Amino acid sequence: MPKLELLPAVDVRDGQAVRLVHGESGSETSYGSPLEAALAWQRAGAEWLHLVDLDAAFGTGDNRALIAEVAGAMDIKVELSGGIRDDASLAAALATGCRRVNLGTAALETPEWVAKVIAEHGDQIAVGLDVRGTTLRGRGWTRDGGDLYETLARLDSEGCARYVVTDIAKDGTLQGPNLELLKNVCAATDKPVVASGGVSSLDDLRAIASLVPDGVEGAIVGKALYAKAFTLEEALQAVSG
Ligand SMILES: O=C(O)c1ccccc1N[C@@H]1O[C@H](COP(=O)(O)O)[C@@H](O)[C@H]1O
């Protein structure tokens, strides 16, 4: 089996590491200090951290200083997302030393700016394709933002290096990933895809790993780790190739 990258998630809301259900504001379960959570995933052998500023994504403020502290404390690669929508927020995100950023809302609302930053920053920019069915959602997943495949074609033509694909209906539910969606996105682009949403078991991770030949590069794991469905060590072993 080819190796699948794993990205344990630390989503930050109001200074706390949280998990949401379907990305809905108000559905938070709190898991304490984001720095402690990130350090725990690093100690367990993670090569990547998926770090999200949920307040910035929802437009309820930001956790910028804390996010910078967590990113700065990591020896591993960090993927940063949430509220990166203009030059100032992009500069602040890149200044944390993160390896790459995910743009969500900006890819739907300010496509010219996104094309510009893709041209400037190459594979430091990924686009988060957060979907319900095949409709993209932005602004904390509260607003429709167009068709998945039309947007993907446009971003491909602009040289977008990578996509993080989240099925909102699965996110935070422990109901298993949407393998059909991942296959369909991989069939529509030659660029690597990071899977997000729904992972509940080591078998789910093995199922995602079976799509590496199709173009899936990695998987974000959140709720399952916090709920102790398996350990990160077990997950890394299961997808080590
Ligand atoms: O990760 C979540 O649970 C989540 C829930 C609701 C909104 C956003 C969420 N996460 C990340 O935020 C970015 C989008 O932020 P923006 O639209 O660019 O401000 C997206 O990539 C998700 O990773």
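Quick notes on the rules
Residues numbered from 1 in each chain as written. Predicted model: local features only at pLDDT ≥ 70, side-chain atom pairs only at ≥ 80, totals over all residues. Heavy atoms only, no water. UniProt positions renumbered as here; feature names shortened; annotations may be inferred. Helix = DSSP H or I, 4+ residues; strand = E, 2+ residues; numbered from the N terminus. Rg over C-alpha atoms; globule rule 2.2 N^0.38 Å. Buried < 20%, exposed > 50% of the residue type's maximum accessible area, 1.4 Å probe, protein only. Contact = heavy atoms within 4.5 Å. Near = heavy atom within 4 Å. Polar contact = N/O pair within 3.5 Å; in protein donor to acceptor, adjacent residues only side chain to side chain. Areas by Shrake-Rupley, 256 points an atom, 1.4 Å probe, with all protein chains shown as cover. Nonpolar A, V, L, I, M, F, W, Y, C, P; charged D, E, K, R; others polar. Phe/Tyr/Trp six-rings, centres within 6.5 Å; stacked < 30°, edge-to-face > 60°. Pairing = 2+ DSSP bridges. Right-handed = clockwise from strand over helix to strand, strands pointing away. pLDDT = per-residue confidence, 0-100.

Going by an unreviewed UniProt entry, the protein chain carries the name Phosphoribosyl isomerase A and comes from Streptomyces pulveraceus. In the Function (unreviewed entry) part of its UniProt record, the protein chain is described as follows: "Involved in both the histidine and tryptophan biosynthetic pathways." According to its UniProt record, the protein chain has this under Sequence similarities (unreviewed entry): "Belongs to the HisA/HisF family."

Regarding its fold elements, the protein chain presents eleven helices and twelve strands. For a compact globule of 241 residues, the expected C-alpha radius of gyration is about 18 Å, and the protein chain comes in at 16 Å, within 12% of that figure. A principal-axis box enclosing the C-alpha atoms of the protein chain has dimensions of 40 × 40 × 30 Å. Here the protein chain holds 241 residues, and 53% of them are scored as buried. Look at the contacts in the protein chain between residues 6 or more apart in sequence, and 69% of them connect residues 24 or more apart.

The subject of this paragraph is the site of the ligand. The environment of the ligand is formed by 19 residues, the closest being Ser81, Gly83, Arg85, Gly104 and Thr105. Interatomic distance of 3.3 Å between a side-chain N/O atom of Asp11 and an oxygen atom of the ligand. Side-chain polar atom of Asp171 to an oxygen atom of the ligand: 3.5 Å apart, as the coordinates give it. Protein coverage of the free-state accessible area of the ligand, which is 500 Å², stands at 96%. Put simply, the parts of the chain that give the shell around the ligand at least two residues each are strand S4 (48-53) and helix H2 (54-58). A per-element tally of the shell around the ligand places H2 first, with three residues. Split by residue class, the shell around the ligand holds six nonpolar, nine polar and four charged.

All right, on to the packing of aromatic side chains then. Within the structure shown, the criterion is met by two aromatic pairs. Residues Tyr31 and Tyr226 carry aromatic rings whose centres are separated by 4.7 Å and whose planes lie at 45° to one another, so their mutual orientation is tilted. Residue Tyr31 is found in the loop between strand S3 (29-30) and helix H1 (34-43), and its partner Tyr226 is found in helix H10 (residues 223-226); the two are separated by 195 residues along the sequence. For Tyr226, a relative accessible area of 11% gives the class buried. Each residue in the set Tyr31, Trp41 and Tyr226 is aromatic and connected to the rest through ring pairs, giving one cluster.

Here, the residues flagged by UniProt with the feature "active site" (unreviewed entry) are Asp11 and Asp130. Position of Asp11 relative to the elements: it lies in strand S1 (residues 5-13). When sequence neighbours within four positions are dropped, the list of residues in contact with Asp11 reads Gln16, Ala17, Val18, Arg19, His50, Val52 and Leu54. One can find Asp130 in strand S7 (residues 125-132). By relative accessible area, Asp130 is classed as buried at 12%. Other than its neighbours up to four places away in sequence, Asp130 contacts Thr135, Leu136, Arg137, Trp141, Val164, Thr166 and Ile168.

Let us look at the pairing of strand S6 (residues 100-103). Of the two faces of S6, the one holding Arg100 and Asn102 and the one holding Val101 and Leu103 are both buried throughout. With three bridges joining them, strand S5 (residues 77-81) and S6 adopt parallel strand pairing. Across the sheet, Ser81 pairs through a bridge with Asn102, a residue of S6. For the crossover from S5 across helix H4 (residues 87-94) to S6, the handedness is right-handed. Two strands pair when backbone bridges link them, and S6 and S7 are joined in this way by three bridges, in the parallel orientation. Along S7, the bridge assignment pairs Leu103 with Val127.

Time to look at the confidence of the model for the protein chain. Chain-level statistics for the protein chain give a pLDDT mean of 97 and a share of 100% at 70 or above. Interface confidence in the predicted complex, given as ipTM, is 0.94; pTM for the same model is 0.97.

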